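One letter stands for each residue in the lines below.
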Amino acid sequence: WTSHAFSSISSSTANPARCNSIRQITHARNIAPSSPRTNHRATPTTTTNFALQATYTPVFDFTLNDPTTKQKSASSFERIDDAIMGGISLSSLRDIPDQPYASWSGVCRTDGGGFCGMRTQPFTSPLNATNQEGVYLDCKLVSDDEANRRMWKMTVRTDSSRGEMVYQAEYDLQKAMDEAKKNDDNDDDVWARVIVPFDKFQQVRGPKIMPDGPKLNVTGGIFQIGMTLSKFKMAQKTTVLEDFRPGFFDMHIQGIGFYHDQGVAIPAKEQILSSSVPDTLSKKEAQKKRPLLLKMILPISKILFSEKANRRKSAMRILREERNMSRSKAILFGIRSRKKSMGIFPSIIKSLGIISIDSFRAVIKNVLKLVLVYPFRVVGAFVRMVKQMLGMKVKPSLRE
């Protein structure tokens, strides 16, 4: 019943793998200031007449080089926000027509979560990253100038499963943007090139680093690529960034791909060849490939952990804690807000229906906690204790 009121309240409160990508850019890593650039490609950190040659292989191209490639690149991604853990953040990656970029934007909220993310649908064939040294990202944050008040992460998956353990690395977006501005006089159109070496990636479970986890090995290919904006730092225990900035964000992205430093001194140059975006599974195909247990759990989880219900819960908390309303007054506030668009009687009926559904959901969740969740936690704690006694590796609990 408070979902209608939430938006108004929120506005007032804060097989070796085969290579699927053919387009390559031979680009110089620069070591001295250069004349201003006028194109829309990422700004180099430095320039000189002679520099170390680096080869960039775009995987996703959001520039205007090819409209079909641009649209396919944007449609390859799906959101992976904190709604999966009870949060209410919301984001999306959108193709912006007639502009040389895509927009990854949304609202990150700390109530119940604290991160926004996007990831590709699983690739039909893994990306060949052999002889590559890492991932690059051409982008700029346009919503504000406080990139340093969020944690920015790049994610890759090296197997075909869609389990919770992936490889992740943090990158300093603020530093990349500052360096780009130093070397380009056109402050209104400066693009940062973020470089994330493969040796910086660590195996994680959620935001937590897996102790003694295997190093990233891309010889078998990369099955998925993603990005995250988060309040959580990568650490072995849950660690939150101090002074995290929640709320709206908007990052413009021109390209995501692989890079390789060849370490050869040659004249600085950039060579652009053809481009091909990797094919991904459709949502239906990806759902069919999910493990049987996950297929059984997901419909139940959607009922018990509804994103709309999470937003209503957050709206109720705001009304009660920040506006000092009782529960009954908050319900009446929701009825009055909805009355403007549908009339008093439909508003009352809908509010009663929502209250009934949320009450039923709360009862079922509490029963499942008593019957399944708490017993599994006890068993899990016992298994971890036995493994520790035997000197075996123990995965950290996500609740720690």
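Thresholds, definitions, all that
Residues numbered from 1 in each chain as written. Predicted model: local features only at pLDDT ≥ 70, side-chain atom pairs only at ≥ 80, totals over all residues. Heavy atoms only, no water. Buried < 20%, exposed > 50% of the residue type's maximum accessible area, 1.4 Å probe, protein only. Helix = DSSP H or I, 4+ residues; strand = E, 2+ residues; numbered from the N terminus. Pairing = 2+ DSSP bridges. Core = buried A, V, L, I, M, F, W, Y, C linked by side-chain atoms within 4.5 Å. Expected span 1.5 Å × (residues − 1).

A. Molecular detail of the pairing of strand S8 (residues 151-157). Counting buried residues along S8, 7 of its 7 residues qualify, which places the element largely inside the surrounding structure. Of the strand pairs in this sheet, S8 and strand S13 (residues 224-230) are connected by 7 bridges, and their pairing is antiparallel. Within S13, the residue paired with Val156 across the bridge is Ile225. In the sheet, S8 pairs with strand S9 (residues 165-171) via 5 bridges, with the strands oriented antiparallel. In the strand pairing of S9, Trp152 is matched with Tyr171.

B. Inspection of the sheet that holds strand S12 (residues 208-209) at higher detail. Ordered in space as S3-S6-S13-S8-S9-S11-S12, the 7 strands form an open sheet in which the pairing is antiparallel. Two strands bound the open sheet, and with one partner strand each, they are strand S3 (77-79) and S12. Alignment of strand S11 (residues 202-205) against S12, held across 2 bridges, turns out to be antiparallel. Note on S12: the bridge partner recorded for Arg205 is Lys208.

C. Structural view of the nonpolar core. Counting residues in each nonpolar core, the largest one holds 50 residues, and the members touching the most others are Trp104, Met251 and Ile253. At 5 residues, the largest contribution of residues to this core is made by strand S16 (residues 247-267). In terms of nonpolar packing, the next biggest core, distinct from the first, is built from 5 residues, Met316, Leu319, Met325 and Ala330 among them.

D. Geometry of unusual backbone geometry. One non-glycine residue, Asp243, lies in the positive phi region at around 60 degrees. By the secondary structure assignment, Asp243 is in the loop between strand S15 (239-240) and S16. Accessibility expressed as a relative area gives 55% for Asp243, which makes it exposed. Even without being glycine, Asn324 reaches a positive phi, approximately 55 degrees. Note on placement: Asn324 falls in the loop between helix H6 (307-321) and helix H7 (327-342). Taking the relative accessible area as the measure of exposure, Asn324 reaches 67% and is therefore exposed.

E. Summary view of H6. Its 15 residues place the ends of H6 21 Å apart at the C-alpha level, agreeing with the 21 Å of an ideal helix rising 1.5 Å per residue. Buried within H6 are the following residues: Ala309, Asn310, Arg311, Arg312, Ser314, Ala315, Met316, Ile318 and Leu319.

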